[in-house]
Amino acid sequence: MSGTRLVFALFWLSTAAAATPPDAVRQQELVRLVRQDCGSCHGMTLQGGLGPALLPADLRDKSRDGLKAAIYEGRPGTPMPPWKQFMSEAEAAWIVDQLKSEFPR
Amino acid sequence: MKTLRALTLILAAALLAACGSTPLRGTGDLGLVIERASGHVTLVDTTARQAYARIGGLGDLSHASAVYSRDGRYAFVFGRDGGLTKIDLLEARIVKRVMQSGNAIGGSISQDGRIVVAQNYTPGGIKAFDAETLELLAEVPAEYAPGKFSKVVGLADAPGNKFAYALFDGGEIRVTDFSNPRQPTTQRFPAGNQPYDGLVTPDGRYFLAGLFGEDGVALLDLWQPEKGARKILENYGRGQEKLPVFKMPHLRGWSVAQGKAYLPAIGRHEVLVVDVATWKEVGRIPVRGQPVFVMARPDGHQVWVNFAFPDNGKMDVIDTLAGKVVHAFEPGKGILHMEFAPRGETVWLSARDDNKVLIYDTQRFTKLGEIAADNPSGIFFTARAARIGF
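Residues numbered from 1 in each chain as written. Chains lettered and ligands numbered in written order. Predicted model: local features only at pLDDT ≥ 70, side-chain atom pairs only at ≥ 80, totals over all residues. Heavy atoms only, no water.

Topic: the overall build of chain B
Then step 1. The number of helices and strands found in chain B is one helix and 34 strands.
Then step 2. A globule of 390 residues ought to have a C-alpha radius of gyration of about 21 Å, and chain B, at 20 Å, matches this closely.
Then step 3. Out of the 390 residues belonging to chain B, those deemed buried represent 61%.
Then step 4. Long-range contacts, defined as pairs at least 24 residues apart, comprise 43% of the intrachain contacts of chain B with a sequence gap of at least 6.
Then step 5. Split by element, the accessible area of chain B, about 14,600 Å² in all, is 52% carbon and sulfur. (Helix = DSSP H or I, 4+ residues; strand = E, 2+ residues; numbered from the N terminus. Rg over C-alpha atoms; globule rule 2.2 N^0.38 Å. Buried < 20%, exposed > 50% of the residue type's maximum accessible area, 1.4 Å probe, protein only. Contact = heavy atoms within 4.5 Å. Areas by Shrake-Rupley, 256 points an atom, 1.4 Å probe, with all protein chains shown as cover.)

Comments concerning the overall build of chain A
Then step 1. Check the secondary structure of chain A and you find five helices and zero strands.
Then step 2. Going from the N terminus to the C terminus, chain A shows its helices and strands as α-α-α-α-α.
Then step 3. Expressed as a percentage of the 105 residues in chain A, the buried residues total 44%.
Then step 4. Residue pairs at least 24 apart in sequence account for 53% of intrachain contacts in chain A once pairs closer than 6 positions are excluded.
Then step 5. If you sum the accessible surface of chain A, you get close to 5,700 Å²; carbon and sulfur atoms cover 59% of it.

As for the confidence of the model for chain B
Then step 1. Per-chain confidence: chain B averages 93 in pLDDT, with 94% of residues scoring 70 or above.
Then step 2. ipTM for the predicted complex: 0.87, alongside a pTM of 0.91. (pLDDT = per-residue confidence, 0-100.)

Brief notes about the packing of aromatic side chains
All names here are of chain B.
Then step 1. Applying the stated criterion to the full structure yields 14 aromatic pairs over all chains.
Then step 2. Residues Tyr-206 and Trp-279 carry aromatic rings whose centres are separated by 5.0 Å and whose planes lie at 70° to one another, so their mutual orientation is edge-to-face. Of this pair, Tyr-206 sits in strand β19 (residues 206-211) while Trp-279 is found in the loop between β24 (270-275) and β25 (281-286), placing the two residues 73 residues apart along the sequence.
Then step 3. Plain terms: the ring middles of Trp-348 and Phe-381 are 5.2 Å apart, the flat faces sit at 85° to each other, and that makes the pair edge-to-face. Residue Trp-348 is found in strand β31 (residues 346-351), and its partner Phe-381 is found in strand β34 (residues 376-381); the two are separated by 33 residues along the sequence. In this pair, the class of Trp-348 matches that of Phe-381, namely buried.
Then step 4. Of the aromatic side chains, those joined through ring pairs into one cluster are Trp-304, Phe-329, Phe-340, Tyr-360 and Phe-365.
Then step 5. We note Lys-86 situated over the ring of Tyr-74; from NZ or CZ to the ring centre the distance is 4.7 Å.
Then step 6. Positioned over the ring face of Phe-390 is Arg-252, at 5.2 Å from the centre of the ring. (Phe/Tyr/Trp six-rings, centres within 6.5 Å; stacked < 30°, edge-to-face > 60°. Lys NZ or Arg CZ within 6 Å of the ring centre and 35° of its normal.)

Some points on the interface of chain B and chain A
A common way to report how large an interface is uses the accessible area buried once the components associate.
Then step 1. Facing 26 residues of chain B, the contacting portion of chain A comprises 26 residues.
Then step 2. The contact between chain B and chain A buries some 2,200 Å² in all, and 57% of this surface belongs to carbon and sulfur atoms.
Then step 3. Per-residue buried area on chain B facing chain A is highest for Arg-36, Phe-246 and Phe-309 of chain B; these three make up 26% of the total on that side.
Then step 4. Linking chain B with chain A are two salt bridges, by the criterion used here.
Then step 5. Residues Asp-37 of chain A and Arg-352 of chain B are paired through a salt bridge, measuring 3.5 Å at the closest nitrogen-oxygen approach. (Buried area = accessible area lost by both parts, 1.4 Å probe. Salt bridge = Lys/Arg side-chain N within 4 Å of Asp/Glu carboxyl O.)

Looking at the nonpolar core
Then step 1. Ranked by size, the top nonpolar core spans 40 residues in total, and within it Ile-173, Phe-207, Leu-208, Leu-233, Leu-263 and Trp-279 of chain B carry the most contacts.
Then step 2. For this core, the secondary-structure elements that each account for two or more residues are β14 (152-158), β15 (162-167), β16 (172-177), β18 (195-200), β19, β20 (217-221), β23 (260-264) and β24 of chain B.
Then step 3. Grouped together as the second largest cluster of nonpolar side chains are 22 residues, Leu-46, Leu-67 and Leu-99 of chain A together with Phe-246 of chain B included. (Core = buried A, V, L, I, M, F, W, Y, C linked by side-chain atoms within 4.5 Å.)

Details of the sheet that holds β31 of chain B
Residues and elements named next belong to chain B.
Then step 1. Spatial ordering of the open sheet is given by β30-β31-β32-β33, a layout of four strands whose pairing is antiparallel. Strands at the two margins of the open sheet, each flanked by one partner only, are β30 (335-340) and β33 (367-372). Shown here is a sheet whose adjacent strand axes are inclined to one another by a mean of 20°, direction ignored.
Then step 2. Two strands pair when backbone bridges link them, and β30 and β31 are joined in this way by five bridges, in the antiparallel orientation. Each bridged residue has a counterpart across the sheet, and for Glu-339 the counterpart in β31 is Trp-348. (Pairing = 2+ DSSP bridges. Axes fitted to C-alpha atoms, helices over the stretch in contact; angles between N-to-C directions.)

What to know about the sheet that holds β14 of chain B
Residue and element names in this part refer to chain B.
Then step 1. Reading across from one edge, β14-β15-β16-β17 is the order of the four strands in this open sheet, with antiparallel pairing throughout. Since the sheet does not close on itself, it has two edges, and those belong to β14 and β17 (185-190), each with one partner. Recorded for the sheet is a direction-independent mean angle of 20° between the axes of neighbouring strands.
Then step 2. Note that β15 and β16 share six bridges and pair antiparallel. From the neighbouring strand, Ala-166 faces β16, where its bridge partner is Ile-173.

So, the packing of helix α2 (residues 24-42) of chain A against helix α5 (residues 89-100) of chain A
Residue and element names in this part refer to chain A.
Then step 1. Running from amino to carboxyl end, α2 crosses α5 at an angle of 65°, the nearest separation of the two axes being 11 Å. In terms of orientation, α2 lies roughly perpendicular with respect to α5. Regarding α2 and α5, the two cross each other, and that crossing is right-handed. Here Arg-26, Gln-27, Leu-30, Val-31 and Val-34 of α2 lie close against α5, whose contacting residues are Glu-91, Trp-94 and Ile-95.
Then step 2. Its residues assigned to classes, the contact of α2 with α5 shows five nonpolar, one polar and two charged. (Parallel < 35°, antiparallel > 145°, perpendicular 65-115°, else oblique. Left-handed = near helix turned anticlockwise from the far one by under 90°. Nonpolar A, V, L, I, M, F, W, Y, C, P; charged D, E, K, R; others polar.)

Brief notes about the packing of helix α4 (residues 64-73) of chain A against α5 of chain A
Axis angle and axis distance: for two packed helices, these are the angle between their axes and the distance between the axes, and together they describe the pair.
Residues and elements named next belong to chain A.
Then step 1. Contact geometry for α4 and α5: axes closest at 9 Å, N-to-C directions at 120°. Relative to α5, α4 is oriented oblique. α5 is crossed by α4, and the crossing has right-handed handedness. On α5, the residues touching Arg-64, Leu-67, Lys-68, Ile-71 and Tyr-72 of α4 are Glu-89, Ala-92, Ala-93, Ile-95, Val-96, Asp-97 and Lys-100.
Then step 2. Of the residues assigned to the contact of α4 with α5, the class counts are seven nonpolar, no polar and five charged.

Here we look at empty space enclosed by the protein
Then step 1. A complete count under the given rule lists five cavities of 30 Å³ or more for this structure.
Then step 2. Its boundaries defined by the atoms lining it, the largest cavity holds a volume of some 740 Å³.
Then step 3. Contributing to the lining of the largest cavity are 48 residues, with His-63, Ala-64, Ile-105, His-250 and Phe-293 of chain B lying nearest its centre.
Then step 4. No other element matches α2 of chain A, which puts four residues into the lining of the largest cavity.
Then step 5. In terms of residue class, the lining of the largest cavity is built from 24 nonpolar, 16 polar and eight charged. (1 Å grid on protein atoms, 1.4 Å probe; cavity = no way out; pocket = protein on both sides within 12 Å on 5 of 7 lines; lining within 4 Å. Points joined across faces, edges and corners; volume = space filled by probe spheres on them.)

If you want it as structure tokens, here you go:
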């Protein structure tokens, strides 16, 4: 079918298996995903939109596991969709760590 | 010839910057492209199919949108960070900029062109500004229960200097009347679970709010608001499991064509077709992803559809006579928005990840040109100035 599908399939194969933190190239892809595609709901600067703000101050008192689960499994009944098709749990955890410190540009 | 024209324009813009005089020029074929990452807008000429100026300093423009003054000369750009910027398309400069809220999602302009209204997420509500000076005229908080404020979505202008909008958290449709701009009055109507966006039909009669939290669309007849909002397209998913939605669809008056409304389904890869006379579902058209924008060419013969992540490289074109997709293609990466030339001979697509705006012939589906832009998102042409519901 389309090239995009294939790319995503490859993406998935290359990442879903990995339990280790993402390498530098993958990190860049994830940063872009968060800024651009999560950004459509959370804002490109993560200051919130239809979804809540995801800045360190907003997340300080929230558990890593809960946030990771929100990303990986989504939050049913809200617009927050599950992202597990596109990343591993380790990658979702890496995103949470970045969000809790300062998210890369 | 074309390059000559573009050159003339650039020269004219440079000259203007230098001496501030105004060569005669109409605005009917101008527009702007939002460059979401860098806080710029690129100004474009749809006749020359060229950019003629670029303006910076507009702040966070992710999810930014624009409306136009009646003369098509001034654009009002609503930024994500709550910035409201008034741009002069002829002099290619910022006229005025105010920070009006913490977190905004768009806006609209009144029938008489005097009031610009912004819709805000935080603090949830709408704010009205004098279109001339951007002075704050009035504020209507979206308080739906004591102390509870909702995100506002779907703001659209309606005849009578009224604005219709919906409350995402409050599940309401509201109509605020600004005929007395400093003393607006508001009517409230229960709408359903989590309205995510809205539209006013091109004739200004109906307001539709798409629902995220349940299947269906809430419909209010603005000519007979006392009848209240009712639901159409109820249970279009028939209890089936929804697909995840990685980006919220958008609604605008464009989706009405040939007596039918073409609306994105939520969590289904379909465009729903409704007869505007009866508001009954008359068809569903399978498409290749979660539709985001479903926009009719101005003549209504075609409806173009783009998609949410991960299908945002695709475009499907529906022929409204055939009632199905007749052209499907992958024009670029991250197709975020589209805008038709005023009479529809071309469509402009923003390819965010290719850093380009692509210009296509809508009859032959051939590419006619492209314009460089840094992460382009919304494209807004001055023809919007003359439309109800924008």
